[in-house]
Structure formats: C-alpha cells, structure tokens
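Analysis of the macromolecular model
Here is how the chains run, residue by residue.
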Amino acid sequence: MIAGPLDTLARPLHDLRISVTDRCNFRCVYCMPKEVFGREYRFLGRDALLTFEEIERLARVFATLGVRKLRLTGGEPLVRHDVEQLVLRLARIEGMDLTLTTNGSLLAAKAGALAAAGLKRITVSLDSLDDPTFRRMNDVDFPVERVLAGIAAATAAGLRPLKVNMVVRRGLNEGSILEMARHFRGSGHILRFIEYMDVGHTNGWRLDDVVPAREILATISREWPLEPADPNYRGEVASRYRYADGQGEIGIIASVTRAFCADCTRARLSAEGGLYTCLFATAGTDLRGLLRGGATDEALAAAIRGVWERRTDRYSELRSSETAGLAKIEMSFIGG
C-alpha cells in the first residue's frame, strides 16, 4: 500500500515541475549562452528521455504523496514532439492543477491544442517589450511580437489567468519594468517580476546584477500605488500586490533578497528521470532506473518519500561567497 501524502511534514510536497525536453531553442538569460549550448552541443538521446507513459506513471505516484500541481517546463516544453499527448495524459489525473511554462515562440500555433488536451493555465517568459533588449537578454532569433501573439492565442483558447514572468537584470532590462507594467495592467494577466538568480554556472551571475524586489516594487508604486495581497496558498513563491485602482495585480519573486526555502513545496523531475529537491541542486536521484528496473508504484513512492523527508537544502537562505562556487544543475536541465 502506498504511504499517504507528505503534507504533515514541515515542508509538504504539493508541486512537481517536469522538464520534458532534451534541449531548448531559447537561450535564456539564466542558462543557455550560445558559447556553451551552440549547434554542436550534444543533447540527450531519445532513449535517455522518460516516455510520456513513464512521466504519467510518476505523476500519478507523486499525486499519492500530496502533489496537486504539475508544471511542464524545459528548456522549452513546446519543442517536445506531440507534447499535447502528454498534456492529455496528465489532465486525466483527478484533482490536479496542470500548467506549463513557455518562452512563447511556438505558443500561437499550439495554444488551442493544449487547451483542448486539458491544460488549465500557462506562464509565458517575457523580459522586455523592446526587441533589442529582449534579444540581448535571451539571445533569441524571434521577435517580441511572436510572444505577444502567443499570449493572445492562449487567452483566446481560455488558458487563464495567464502569468507573464519577467527576469530583471541590472544593466540590461530594469528600464523595461514600467513599460511591462503599463502593458499588462488591466489585461487580466498577472505580471511577475523575478530577481535574477545564480542558477547553474553558465549565466555569469553576480550579486551586482540583481535588482532587489524592494526596488522593483518602489519603481511601480511611484507610478501606480500598490497594496499587499494575501498569498493564494502556502509556499507561493511570488509576493502578491494589487493595484489600488483595481487594475489587476503583480507578483514579485524575491528568491535572492527574501529567500523562501522554509516554505518550499516543489520537487523537480528532469527529462531523463532525475528527482531534484532544489533549483540549486548539486545532484539528483535516479527514478528512471527504478521505473525501468521493474519497481512497483509502492517502491517508487517509498523512494520519493525518502528523498523528500531527508531534504535539507536551503541554498537561497545560505547564499554566500562560499556557496556561490558550488556545482549546480543548469535550469535548462531541471526547469524553472
């Protein structure tokens, strides 16, 4: 018999983020510089990836342990062939909030099929409305307009409330904060500002590059007064603020200046079946080997429970000059 949910622990397990791609066509500011992940870079072979059937089985096991939210991530999840079929499988899990994070490059073409397959909500990454700034932040070969077209298509397909994530990096796009806020105010979408984080080793991160949450909040509040809003649930990473004039809300994710390790309820599953308990993890636990070695659902649940109950990671709370040099998994591997 599978052991019960992990919601009685100090840090319950409620959220599973699933990376479904072996590569990303979007070199984001966090982890995909072209000098590291160029055209000659060797990515995972197809047989190394979890199949859709394996992902569904693991998701169902995680559901028995208390997970109520599944987020498909990457890399870029929409480059995975027939990803709509995976959405269809996961949407059948009762009581699950199913969502997906995308760079928006393929969203306009896929939004309708994703919604029809059962996707509930979507988050789109967009760091600026200015094309040159957007391209400098992410080294992409598509324009902002394509992302905005994807957002419009997702809205029309009923994937709402839609969230837009903006990573803010000093010297690159902090000048876009007000423009982004102005564009999405009153749209029904939720714009979330994210402090630039030291994920992996390929983003050249420095603390000087971080625009603190308090500065982001002050910048917006001077233009449009904001008031705090209660979190939607325990472990919500974004601090919520409402516009005083009723024109919607924003979120601010202060993972550098106000770490939230103690309330973290998220686990991450890599495309090759590694279980990670932290975005800044140095190593994972191989679930693919258990799956393909004939493990029962009960054995899988016991393995996951054991990992979660032993977790002690508090990277963001302990971040210092000593921790900065630790080996970390790239975000392109385990998702955001």
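Anything mentioned here points back to the structure above.
Moving on: the overall build of the chain. Within the chain, the regular secondary structure consists of eleven helices and twelve strands. Counting the 336 residues in the chain, one finds 55% classified as buried. Sequence separation of at least 24 residues holds for 73% of the intrachain contacts in the chain that already meet a minimum separation of 6. Surface summary for the chain: the accessible area is close to 14,400 Å², and the carbon and sulfur share equals 51%.

Turning our attention to the nonpolar core. Taken as a class, soluble globular proteins show a tendency for nonpolar side chains to be buried jointly. Ranked by size, the top nonpolar core spans 75 residues in total, and within it Ile18, Phe62, Leu70, Leu90, Leu126, Phe193 and Ile220 carry the most contacts. Element by element, the count of residues in this core is highest for helix 1 (residues 52-64), at seven residues. Every residue in contact with Leu90, bar those within four places of it in the chain, is listed here: Ile18, Ile55, Glu56, Ala59, Leu70, Leu72 and Leu98.

Right, let's get into the packing of helix 1 against helix 2 (residues 83-90). It is the contact of helix 1 with helix 2, at a shortest axis distance of 10 Å, that shows an interaxial angle of 30°. With respect to each other, helix 1 and helix 2 are oriented roughly parallel. Relative to helix 2, helix 1 is oriented so that their crossing is right-handed. Residues Phe52, Glu53, Ile55, Glu56, Ala59 and Arg60 of helix 1 form the contact with helix 2, whose participating residues are Val83, Gln85, Leu86, Arg89 and Leu90.

According to the stated counting rule, one finds 16 salt bridges in the structure shown. The closest approach of N and O atoms between Arg292 and Glu54, which form a salt bridge, is 2.8 Å. Taken together, the positions of Arg292 in helix 8 (residues 288-292) and Glu54 in helix 1 put the pair 238 residues apart, joining distant regions of the chain. When the shortest N-O distance is used, the salt bridge between Arg242 and Glu227 registers 3.7 Å. Of this pair, Arg242 sits in strand 8 (residues 239-243) while Glu227 sits in strand 7 (residues 226-229), and the two are 15 residues apart along the sequence. On the accessibility criterion, Arg242 (37% relative accessible area) is partly exposed.

Conventions used here
Residues numbered from 1 in each chain as written. Predicted model: local features only at pLDDT ≥ 70, side-chain atom pairs only at ≥ 80, totals over all residues. Heavy atoms only, no water. Helix = DSSP H or I, 4+ residues; strand = E, 2+ residues; numbered from the N terminus. Buried < 20%, exposed > 50% of the residue type's maximum accessible area, 1.4 Å probe, protein only. Contact = heavy atoms within 4.5 Å. Areas by Shrake-Rupley, 256 points an atom, 1.4 Å probe, with all protein chains shown as cover. Core = buried A, V, L, I, M, F, W, Y, C linked by side-chain atoms within 4.5 Å. Axes fitted to C-alpha atoms, helices over the stretch in contact; angles between N-to-C directions. Parallel < 35°, antiparallel > 145°, perpendicular 65-115°, else oblique. Left-handed = near helix turned anticlockwise from the far one by under 90°. Salt bridge = Lys/Arg side-chain N within 4 Å of Asp/Glu carboxyl O.

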